[in-house]
Amino acid sequence: MVHFTAEEKAAVVNLWARVNVELVGGEVLGRLLVVYPWTQRFFDNFGNLSSESAIMGNPKVKAHGKKVLTSFGNAVKHMDDLRDIFAELSELHCDKMHVDPENFRLLGNVILIVLATHFSKEFTPQVQAAWQKLTTAVANALAHKYH
Amino acid sequence: MAGSFKLEGRWRTQKEPTMVLSAADKSNIKAAWDKIGSHGGEYGAEALERTFMCFPTTKTYFPHFDLSHGSAQVKAHGKKVADALTLAVGHLDDLPNALSALSDLHAYKLRVDPVNFKLLSHCLLVTLASHHPAEFTPAVHASLDKFLSSVSTVLTSKYR
């Protein structure tokens, strides 16, 4: 189980309080699909993903991005308990969605980059380190039930 | 031609990285580098600091460095990294040749495990994103990610 120090928790919670989940969620998922186009393989039914603007403006991408980031918000509330929190979602991603856990790592890194664009100088190396630890832990928790 | 293949109408040798930087990618990369201007060394050092802080295993390659914040050694090394990337930006059509000496250095002397290039590349992107959020659009993000990936591939191309 991953242990977060009080400082790390504070860095995460402090930033998260100011994140517009709907906006950032859409941006995160959009960027994943733009920067790593092979991730589009999971979203055949999302309609037009043919260009950067099509992807970033796609309503299904925005909606799904919001869903994903809302779930991430749950992780922020339960940083000491990630494996339990994500057990069911882990099984779902393995058995129903067949998502390679490498994609969780890619998404985690995109989250960090989007946070960097939004929070700029405030996204110091220390803050990034706390968030890096969280996204890695979430990715591992989501991969935990794979078989 | 043995060892060659055609991709997008051009003959290429197998030594070339197989990821292709499009005209748009090259344009995005050059524009981003222009924007960085004289801050290259500063950003290089910041990216290194982020890498050491977020991925402590990377510190194993610098036991001889003072890695504290503001370290002169990290500053100097950040400038080295930035200068190498600037060189790469000036030779986007010919990275293997332009980076050949650095490629030899990493293969035969430094032998940094390939996984670490991804870690530094990610922290370079975070650094750029935090300093130039308006310019760091999804398309520019994609081009820079491809660029750093191409450079990393060249630097590890002679490992075995």
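This structure is a prediction, so every number in the text was calculated from the model and none was measured.

*Asks:* Whenever I open this one, the overall build of chain A confuses me. Can you help?
*Replies:* Within chain A one finds eight helices and zero strands. Beginning at the N terminus, the succession of helices and strands in chain A can be written as α-α-α-α-α-α-α-α. For 147 residues, the compact-globule formula gives about 15 Å, and the C-alpha radius of gyration of chain A, at 15 Å, lands near that figure. Taken along its principal axes, the extent of the C-alpha atoms in chain A is 45 × 40 × 20 Å. With 147 residues in all, chain A has 50% of them scored as buried. Sequence separation of 24 or more characterises 74% of the internal contacts of chain A that already satisfy a separation of 6 or more. Counting 15 positive and 15 negative side-chain charges, chain A places the averaged centre of each group 3 Å from the other.

*Asks:* Explain unusual backbone geometry here, please?
*Replies:* Peptide bonds are trans in most cases, and residues, glycine excluded, mostly fall at negative phi. With phi around 50°, A:His98 is a residue other than glycine that occupies positive phi space. Here A:His98 lies in the loop between helix 6 (87–96) and helix 7 (102–119).

*Asks:* Explain the interface of chain A and chain B to me, please; I cannot follow it from the model alone.
*Replies:* How big an interface is tends to be expressed through the accessible area that disappears when the partners come together. Between chain A and chain B, the contact holds 20 residues from the first and 20 residues from the second. In total, about 1,800 Å² of surface goes out of reach between chain A and chain B, with carbon and sulfur atoms giving 64% of it. The interface formed by chain A and chain B includes zero salt bridges. Put simply, chain A and chain B have ten residue pairs in polar contact (both at pLDDT 80 or more) between them. Those elements that place two or more of their residues in the side of chain A that touches chain B are helix 2 (21–35), helix 3 (52–57), helix 7 and helix 8 (125–143) of chain A.

*Asks:* Explain the confidence of the model for chain B here, please?
*Replies:* A low pLDDT score tells you not to read the predicted coordinates there in detail. Looking at chain B as a whole, the pLDDT averages 91, with 89% of positions reaching at least 70. The complex prediction reports pTM at 0.88, with the ipTM value standing at 0.86.

*Asks:* Which parts of the structure should I look at to understand the UniProt feature "domain: Globin" (unreviewed entry) in chain A?
*Replies:* On the UniProt side, "domain: Globin" (unreviewed entry) is annotated at positions that read residues 3–147 of chain A here. Regarding residues 3–147 of chain A, the helix share stands at 70% and the strand share at 0%, and the terminal C-alpha atoms are separated by 25 Å.

*Asks:* Sorry, what's going on with the UniProt feature "domain: Globin" (unreviewed entry) in chain B here?
*Replies:* In the numbering used here, UniProt assigns the feature "domain: Globin" (unreviewed entry) to residues 20–160 of chain B. With 69% helix and 0% strand, residues 20–160 of chain B has end C-alpha atoms that lie 23 Å from one another.

*Asks:* Sorry, what's going on with empty space enclosed by the protein here?
*Replies:* In this approach the atoms are scanned with a rolling probe the size of a water molecule, which exposes any empty space left behind. Residue and element names in this part refer to chain B. Per the counting criterion, the structure on display carries one cavity of 30 Å³ or more. For the largest cavity, the calculated volume is near 70 Å³. As for the largest cavity, its lining consists of Trp33, Ile36, Gly40, Tyr43, Gly44, Val81, Ala82, Leu85, Leu124, Leu128 and Leu148. Looking at the lining of the largest cavity, the elements that each hand over two or more residues are helix 1 (23–36), helix 2 (40–54), helix 3 (72–89) and helix 6 (115–131). When its residues are assigned to classes, the lining of the largest cavity shows nine nonpolar, two polar and no charged.

*Asks:* Help me understand the packing of helix 4 (residues 59–77) of chain A against helix 8 of chain A, please; the structure alone is not making it clear to me.
*Replies:* Axes are the key here: two packed helices are described by the angle between their axes and the distance separating the axes. Residues and elements named next belong to chain A. Axis separation between helix 4 and helix 8 bottoms out at 11 Å; the angle between their running directions is 110°. Comparing their axes, helix 8 and helix 4 come out roughly perpendicular. When you trace helix 4 past helix 8, the crossing you get is right-handed. Seen from helix 4, the contacting residues are Phe72, Ala75 and Val76; seen from helix 8, they are Trp131, Leu134, Thr135 and Val138. Of the residues assigned to the contact of helix 4 with helix 8, the class counts are six nonpolar, one polar and no charged.

*Asks:* What should I look at first to understand the side chain of B:His106 in this one?
*Replies:* All names here are of chain B. Along the polypeptide, His106 turns up in helix 5 (residues 100–110). Of the polar contacts made by the side chain of His106, one reaches the backbone oxygen of Leu102; its length is 2.8 Å. Sequence-distant contacts of His106, that is, excluding residues within four places in its chain, are made with Arg111, Val112, Phe117, Leu155 and Tyr159.

*Asks:* How do you make sense of the state of the cysteines when you look at a structure like this?
*Replies:* Working definition: the covalent bond between the sulfur atoms of two cysteines is a disulfide. Residue and element names in this part refer to chain B. Counting across every chain of the model gives zero disulfides over all chains. Cys123 supplies the cysteine sulfur nearest to Cys54, a cysteine that is in no disulfide, at a spacing of 5.0 Å. The class for Cys54 is buried, based on a relative accessible area of 11%.

*Asks:* What should I look at first to understand helix 5 of chain B in this one?
*Replies:* The α-helix advances 3.6 residues per turn, and as a result positions three or four apart in sequence lie on the same side. Residue and element names in this part refer to chain B. Among the residues of helix 5, those classed as buried are Ser103, His106 and Ala107. One side of helix 5 holds all its buried residues, which, seen down the axis, span an arc of 90°. Facing away from the buried surface of helix 5 by more than 90 degrees, the exposed residues are Ala101, Tyr108 and Lys109. Packed against the buried residues of helix 5 are helix 6 and helix 7 (138–155). After helix 5 finishes, the residue Arg111 shows a positive phi value of roughly 50°.

Scoring rules and cut-offs
- Residues numbered from 1 in each chain as written.
- Chains lettered and ligands numbered in written order.
- Predicted model: local features only at pLDDT ≥ 70, side-chain atom pairs only at ≥ 80, totals over all residues.
- Heavy atoms only, no water.
- Helix = DSSP H or I, 4+ residues; strand = E, 2+ residues; numbered from the N terminus.
- Rg over C-alpha atoms; globule rule 2.2 N^0.38 Å.
- Buried < 20%, exposed > 50% of the residue type's maximum accessible area, 1.4 Å probe, protein only.
- Contact = heavy atoms within 4.5 Å.
- Lys, Arg positive; Asp, Glu negative; His and termini not counted.
- Charge placed at Lys NZ, Arg CZ, Asp CG, Glu CD.
- Buried area = accessible area lost by both parts, 1.4 Å probe.
- Salt bridge = Lys/Arg side-chain N within 4 Å of Asp/Glu carboxyl O.
- Polar contact = N/O pair within 3.5 Å; in protein donor to acceptor, adjacent residues only side chain to side chain.
- pLDDT = per-residue confidence, 0-100.
- UniProt positions renumbered as here; feature names shortened; annotations may be inferred.
- 1 Å grid on protein atoms, 1.4 Å probe; cavity = no way out; pocket = protein on both sides within 12 Å on 5 of 7 lines; lining within 4 Å.
- Points joined across faces, edges and corners; volume = space filled by probe spheres on them.
- Nonpolar A, V, L, I, M, F, W, Y, C, P; charged D, E, K, R; others polar.
- Axes fitted to C-alpha atoms, helices over the stretch in contact; angles between N-to-C directions.
- Parallel < 35°, antiparallel > 145°, perpendicular 65-115°, else oblique.
- Left-handed = near helix turned anticlockwise from the far one by under 90°.
- Disulfide = S-S within 2.5 Å.
- Arc of directions from axis to C-beta.

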